[in-house]
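Fold and contact review
The chain contents come next:
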Protein chains: 2
Amino acid sequence: MREVFQQELREVQERLVEISTLVAISIENATRAFTESNVSLAETVIADDDKIDIAAAELDELAINILARQQPVARDLRIVVSALRISASLERMGDMAEHIAQLARYRFPEKVVPKSLRPTFAEMGQLDVQIARMLVELLTTEDVKIAEAIRNEDDKVDALHLSVFDKVLGETWKGQAVDTVDATLASRYHERFADHAVSIAKKVQYLATGDWVPQGD
Amino acid sequence: MREVFQQELREVQERLVEISTLVAISIENATRAFTESNVSLAETVIADDDKIDIAAAELDELAINILARQQPVARDLRIVVSALRISASLERMGDMAEHIAQLARYRFPEKVVPKSLRPTFAEMGQLDVQIARMLVELLTTEDVKIAEAIRNEDDKVDALHLSVFDKVLGETWKGQAVDTVDATLASRYHERFADHAVSIAKKVQYLATGDWVPQGD
């Protein structure tokens with residue numbers, strides 16, 4: 001019985017790693033679709049979001065099932081409760097990747113943002129991809145040092161997010177309304193993607209310490 | 001023992017109602033601050049968000065505590081698991097109200113959006129307030145008919161959200177970049193507020209039916 005239970009907890013962790021891997025692939029594809037105006041890659045990301053949604057819902061069901069049958073306590077309970085929260089954040093990260101891909105598809109064959117902002121979005125995209133890869137590593141190893149590193153990368157994304165507004169609201173901005181809308185939304189999606197990774201990092205820290213951390217921002 | 005447990009489950013439900021009431025007050029204040037450029041009301045909303053964050057985290061702790069001590073099954077387990085998801089959505093609704101208030105404060109003494117968009121935002125704001133009140137009612141009564149009504153209101157918010165982009169990207173739009181950014185963000189916050197209410201409505205339906213619903217959008 002105990003053996004079965006430990007196997008189930010390992011499965012929860014493995015599925016979190018699997019879903020985070022899907023998210024990492026999607027954000028890589030989405031940021032490439034975005035920067036290269038690659039519409040078929042954008043469509044791949046949009047189609048793949050369903051897989052992430054389904055995998056997250058299945059993980060939720062497994063977690064609820066474990067709670068009902070195994071009635072875990074202490075660290076085992078924390079693993080299952082965290083998994084429920086982490087799956088919700090991963091699902092939202094998939095949505096952000098999808099939204100970024102949708103912007104690329106809407107504007108095709110045009111690029112989504114004007115030249116002056118492209119280096120900023122290239123950098124934000126690289127940071128999001130980097131954060132997604134760190135998240136896979138974090139969920140695999142539960143090494144809290146990686147959680148700290150994700151927060152640092154998120155700070156860089158936040159700074160770039162603010163710099164997008166500085167540019168769009170600055171005197172040299174020559175974009176049309178459509179460019180302003182796209183830059184605003186794209187920047188917000190990139191920033192939220194990283195925020196969700198930080199939420200997950202906090203939940204992994206909770207696994208280690210037992211201290212539940214408020215979500216607030 | 002059983003008696004204590006039932007009392008604890010009632011407390012979970014009561015706290016959800018309390019937090020949703022705080023959210024309803026915040027969105028009322030936020031949309032008023034937004035439409036009337038009322039900076040002191042905006043600051044109230046921003047300060048009150050901490051209360052929502054703390055109340056949501058405390059509810060999470062209670063829920064985890066109940067899982068550990070009472071090891072609920074069947075509908076009792078669904079109540080506790082749903083509460084964990086609902087608290088996360090309520091916390092985000094509080095954030096959306098805060099973001100709307102922050103826009104009002106940033107632009108003070110100017111209004112946040114140009115005249116041509118004000119009726120649209122007034123309507124979106126009223127719908128969000130309406131949805132928040134329905135949510136309090138839903139969490140109080142668990143009447144799934146209200147869940148359905150919330151989805152209908154959310155459809156109206158989505159339609160208004162799209163109409164904002166139609167205006168901003170239309171030929172008659174004369175807004176500056178700052179107006180375009182504000183309209184984009186404000187519309188997104190209003191729309192997300194309603195989306196989170198729909199997520200909660202789905203979780204209340206899960207309480208009634210036992211069918212876990214994917215989050216995906």
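Procedures and definitions
Residues numbered from 1 in each chain as written. Chains lettered and ligands numbered in written order. Predicted model: local features only at pLDDT ≥ 70, side-chain atom pairs only at ≥ 80, totals over all residues. Heavy atoms only, no water. UniProt positions renumbered as here; feature names shortened; annotations may be inferred. Contact = heavy atoms within 4.5 Å. Buried area = accessible area lost by both parts, 1.4 Å probe. Salt bridge = Lys/Arg side-chain N within 4 Å of Asp/Glu carboxyl O. Polar contact = N/O pair within 3.5 Å; in protein donor to acceptor, adjacent residues only side chain to side chain. Helix = DSSP H or I, 4+ residues; strand = E, 2+ residues; numbered from the N terminus. Nonpolar A, V, L, I, M, F, W, Y, C, P; charged D, E, K, R; others polar. Expected span 1.5 Å × (residues − 1). Buried < 20%, exposed > 50% of the residue type's maximum accessible area, 1.4 Å probe, protein only. Least-squares fit on C-alpha atoms with pLDDT ≥ 70 in both. Phe/Tyr/Trp six-rings, centres within 6.5 Å; stacked < 30°, edge-to-face > 60°.

- Labelled according to an unreviewed UniProt entry, chain A appears under the name Phosphate-specific transport system accessory protein PhoU, originating from Microcella alkalica.
- If you open the UniProt record of chain A and go to Subunit (unreviewed entry), you find "Homodimer."
- Of chain A, the UniProt comment under Function (unreviewed entry) reads exactly: "Plays a role in the regulation of phosphate uptake."

Observations regarding the interface of chain B and chain A
- Chain B puts 42 residues into the contact, and the matching count from chain A is 42 residues.
- Both sides of the chain B and chain A interface together cover about 3400 Å² of buried area, and 63% of this is carbon and sulfur.
- Between chain B and chain A we count 2 salt bridges in total.
- One salt bridge in this structure joins Arg85 of chain A and Asp60 of chain B, with 3.1 Å as the shortest N-O distance.
- Across the chain B-chain A interface, the total number found is 7 residue pairs in polar contact (both at pLDDT 80 or more).
- Put simply, the parts of the chain that give the side of chain B that touches chain A at least two residues each are helix 2 (39-70), helix 3 (74-107), helix 5 (144-168) and helix 6 (177-209) of chain B.
- When residues of the side of chain B that touches chain A are assigned to their parent elements, the largest contribution, 13 residues, is made by helix 3 of chain B.
- Residue composition of the side of chain B that touches chain A, grouped by class: 23 nonpolar, 7 polar and 12 charged.

So, the UniProt feature "domain: PhoU" (unreviewed entry) in chain A
Residue and element names in this part refer to chain A.
- As annotated in UniProt, the feature "domain: PhoU" (unreviewed entry) corresponds to residues 17-103 and 122-204 in the numbering used here.
- Taken as a whole, residues 17-103 contains 94% helix and 0% strand, while its terminal C-alpha atoms sit 27 Å from one another.
- Each end of residues 122-204 is marked by a C-alpha atom, and these two atoms are 29 Å apart; helix forms 88% of the span and strand 0%.

Observations regarding helix 6 of chain B
Residues and elements named next belong to chain B.
- Look at helix 6: 48 Å from first C-alpha to last across 33 residues, which is about the 48 Å you get at 1.5 Å a residue.
- Counted residue by residue, helix 6 has 30 buried out of 33 residues, so it is predominantly covered.
- Where helix 6 terminates, the next one or two residues include Gly210, which has phi positive at roughly 85°.

A closer look at the relation of the copies chain B and chain A
- Note on the identical chains: chain B maps onto chain A by a rotation of 180° and an axial translation of 0.0 Å, with an RMSD of 0.0 Å. Both chain copies can therefore be described as sitting about a two-fold axis. Within chain B, Gln71 of chain B has its C-alpha nearest the rotation axis, a separation of 2.7 Å.
- A high fraction, 100%, of the interface residues of chain B reappear at the interface in chain A, so the copies pair face to face through one surface.

Description of the packing of aromatic side chains
Residues and elements named next belong to chain A.
- Scanning the model with the defined rule gives 2 aromatic pairs over all chains in all.
- Ring plane angle 55° and centroid distance 5.5 Å describe the contact between Phe34 and Phe121, whose orientation is recorded as tilted. Of the two residues, Phe34 sits in helix 1 (residues 2-36) while Phe121 sits in helix 4 (residues 118-141), which places them 87 residues apart along the sequence. Each member of the pair Phe34 and Phe121 is classed as buried.

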